[in-house]
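Now for the letters of each chain:
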Amino acid sequence: MASVAVIQFSSQTQIEHNLAQAYDLLQQAAAQGAVLALLPEMFLTLDGKQYNAIAADPQYVQRLAGWAQELKLWLVAGAVPMPCPDGDPRVRSACLVFNSEGEQVARYDKIHLFDVDVGDAHGSYRESERFAPGDEVVLVDTPAGRLGLVICYDLRFPGLFQRLREQGAELISVPAAFTYTTGTAHWQTLLRARAIETQCYVLAANQCGWHDDKRRTYGHSQIIDAWGTVMTELEEEAGVALAEIDLPQLAEVRKKMPVTQHRRF
């Protein structure tokens, strides 16, 4: 078995402050025996005006790689702004994975963009104004199992999760900045549904608390097993949640209920 961690905190406008929070919590995860840790979406900052500058500065990727190497930890860096490979002036929301030697071994660019109206103080969200969508399904082999990568709003699209399962996913990571309004209504329901449908462990690291006078995220980062059981869950405070990944138990769930063999569509 392998211990994995999800990290939860509240990003503010000061990038260095957010980096310090992230590093401290990653240290805690490593000290508690985690071999893999997941950071939330846009943990560097939720201030969209800073995204292009972050994407243009390689120091942030280098620092993340250094942390993974120093802490001997597989680091799933939730989502950070990265340049578009096609020259689009917008950025990509990219989940970067570093192995325990500090090597970047995967990058997933968020496919589904959050262009919605939410009944909260922030009101309207238009990710496509700052982000260009990705178009590739990405998995990576880790010490905890074969990991499928998604980001936040992807959670509402089960077809993507089924593609990951078809390509061998045993775990799926969900870094997020789920709003308080949508999180209260749907967060855990969607996470448990995706775990049950795919028979995968789901690792969900969400932002929490108030980020300014209008934007509030839900927290409740958690790890869910292939049967849909919530193994560990934070509430609305910064912290680390850990759980053990038991791949033989996952295989037993799939053997007893072979849904992929029964699918007709």
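As recorded by an unreviewed UniProt entry, the chain carries the name Carbon-nitrogen hydrolase family protein and is attributed to Thalassolituus hydrocarboniclasticus.

Draft legend 1. Region of interest: the nonpolar core. Within the largest apolar cluster, 59 residues are counted, with the highest numbers of intra-cluster contacts made by Val76, Leu149, Trp187, Leu191 and Leu203. Counting residues per element, this core draws most heavily on strand β11 (residues 201–206), at five residues. Those residues in contact with Leu191 that sit more than four places away from it in its chain are Leu155, Val174, Val202, Ala204, Gln222 and Ile224. Formed by 30 residues, the second largest nonpolar core is a distinct cluster that contains Ala65, Ala68, Leu73 and Ala77.

Draft legend 2. Geometry of the pattern of salt bridges. Counted by the stated rule, this structure contains 13 salt bridges. A salt bridge links Glu41 to Lys110; the nearest nitrogen and oxygen atoms lie 2.9 Å apart. Here Glu41, found in the loop between β2 (36–38) and α2 (51–55), pairs with Lys110, found in the loop between β5 (104–109) and β6 (115–117); they are 69 residues apart in sequence, far enough to count as distant. Here Glu41 matches Lys110 in class, with each residue buried. Ionic pairing is found between Asp109 and Arg92, a salt bridge with its closest N-O pair at 2.7 Å. On the criterion of sequence distance, the pair formed by Asp109 in strand β5 and Arg92 in strand β4 (residues 91–98) is long-range, its members being 17 residues apart. Arg92 shares its class with Asp109; the two are buried.

Draft legend 3. Just the UniProt feature "domain: CN hydrolase" (unreviewed entry) in the chain, in detail. Under the UniProt annotation, "domain: CN hydrolase" (unreviewed entry) lies at residues 2–247. The span residues 2–247 is 26% helical and 33% strand by assignment, and the distance between its end C-alpha atoms comes to 9 Å.

Draft legend 4. Quick peek at the side chain of Glu41. Owing to a relative accessible area of 4%, Glu41 belongs among the buried residues under this scheme. The residues touching Glu41, leaving out its near neighbours within four places in the chain, are Gly78, Ala79, Ser93, Lys110, Glu127, Ile151, Cys152, Pro175, Ala176, Ala177, Ala205 and Gln207.

Draft legend 5. The sheet that holds β4, seen in detail. Taken together, six strands build an open sheet; the order of strands is β5-β4-β3-β2-β1-β16 and the sheet is mixed. The outermost strands of the open sheet, each flanked by one partner alone, are β5 and β16 (239–245). Looking at each pair of strands side by side, their axes are set apart by 30° on average, direction ignored.

Draft legend 6. Focus on the sheet that holds strand β10 (residues 171–176). Within the open sheet, the six strands sit side by side as β8-β9-β10-β11-β14-β15. Their pairing is mixed. The sheet is open, and its two edges are formed by β8 (139–142) and β15 (230–233), each paired on a single side. The average undirected angle you get between the axes of adjacent strands in this sheet is 20°. Alignment of strand β9 (residues 145–149) against β10, held across three bridges, turns out to be parallel. Residue Gly148 lies in a different strand from β10, and its bridge partner there is Ile172. This element, helix α4 (residues 158–166), spans β8, β9 and β10 of the sheet and lies at about 145° to β10.

Draft legend 7. Up close: the environment of Gln188. Considering the arrangement of structural elements, one finds Gln188 in helix α5 (residues 180–198). Considered as a pair, Gln188 and Ile224 are 36 residues apart in the sequence and their alpha carbons are 9.6 Å apart. With residues near it in sequence (within four places) discarded, Gln188 still touches Gln222, Val230 and Glu233.

Rules behind the numbers
- Residues numbered from 1 in each chain as written.
- Predicted model: local features only at pLDDT ≥ 70, side-chain atom pairs only at ≥ 80, totals over all residues.
- Heavy atoms only, no water.
- Core = buried A, V, L, I, M, F, W, Y, C linked by side-chain atoms within 4.5 Å.
- Buried < 20%, exposed > 50% of the residue type's maximum accessible area, 1.4 Å probe, protein only.
- Helix = DSSP H or I, 4+ residues; strand = E, 2+ residues; numbered from the N terminus.
- Contact = heavy atoms within 4.5 Å.
- Salt bridge = Lys/Arg side-chain N within 4 Å of Asp/Glu carboxyl O.
- UniProt positions renumbered as here; feature names shortened; annotations may be inferred.
- Pairing = 2+ DSSP bridges.
- Axes fitted to C-alpha atoms, helices over the stretch in contact; angles between N-to-C directions.

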